[in-house]
Amino acid sequence: MKQESYELFKSAEIQDILAVLERELKTRNESPFWADKVLPFSEAILSVLIPLREGGILFDPEGNAALELTPELFFEWNDFVSLKGLAFTIQKSNEAGELLRTKLDDATCQKYKNIDLKLLGDYLARYTVNLEDENLDFPISNYNLHQGVSNVIKSLL
């Protein structure tokens, strides 16, 4: 990972991170198939992670506290199953008015502010993730596709 990537994830806004990814995609002359998927996927994930970072309530897919947003944490959320879980965690947290389903202490969870799920929800719905029933699965082909997208993103950072 480049040092620039750590600085970006630590403090940059979504658009700044996406601009770096877009610049790297152009520099590498990546296949349009992958290039068309990298930015929307990254934006969907960051639309939730950036507000969590700003609120000081970041956590990993296992619910453990994370002190800062790093490329590694971002890639943990790139897993499509984890991302689906994140969407449901945020949805339930929005309803409850506090951060749920994590191992963060109660005082930290109380700092939670509602997060807009539109970008993430729209993205997941495009890939047939059922946003009403968490127990329903999605096609394995969508999981595999997103593993490929994640690999492209890793090569850019």
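The present account deals with the structure reproduced in this document.

## Points about the pattern of salt bridges
For the coordinates displayed, the defined rule picks out 7 salt bridges. With a closest N to O distance of 3.5 Å, R23 and E4 form a salt bridge. Of this pair, R23 sits in helix α2 (residues 14–28) while E4 sits in helix α1 (residues 3–11), and the two are 19 residues apart along the sequence. Judged by its relative accessible area of 37%, E4 falls in the partly exposed class. Measuring nitrogen to oxygen at the nearest pair gives 3.4 Å for the salt bridge that ties R28 to E24. Placement of both R28 and E24 in helix α2 is noted, with a separation of 4 residues, approximately one turn of the helix. A residue is classified by how much of its surface remains accessible, and R28, at 36% relative accessible area, is partly exposed.

## Notes on the packing of α2 against helix α3 (residues 32–54)
The geometry of α2 relative to α3 is characterised by a closest axis approach of 10 Å and an angle of 160° between their N-to-C directions. By the criterion of interaxial angle, the relationship of α2 to α3 is roughly antiparallel. In the crossing of α2 with α3, the sense of the turn from one axis to the other is right-handed. Taken together, the residues of α3 that come into contact with α2 (itself represented by I14, Q15, I17, L18, L21, E22 and L25) are A35, V38, L39, S42, E43, L46, S47 and I50. Classifying every residue of the contact of α2 with α3 by side-chain character gives 10 nonpolar, 3 polar and 2 charged.

What counts and what doesn't
Residues numbered from 1 in each chain as written. Predicted model: local features only at pLDDT ≥ 70, side-chain atom pairs only at ≥ 80, totals over all residues. Heavy atoms only, no water. Salt bridge = Lys/Arg side-chain N within 4 Å of Asp/Glu carboxyl O. Helix = DSSP H or I, 4+ residues; strand = E, 2+ residues; numbered from the N terminus. Buried < 20%, exposed > 50% of the residue type's maximum accessible area, 1.4 Å probe, protein only. Axes fitted to C-alpha atoms, helices over the stretch in contact; angles between N-to-C directions. Parallel < 35°, antiparallel > 145°, perpendicular 65-115°, else oblique. Left-handed = near helix turned anticlockwise from the far one by under 90°. Contact = heavy atoms within 4.5 Å. Nonpolar A, V, L, I, M, F, W, Y, C, P; charged D, E, K, R; others polar.

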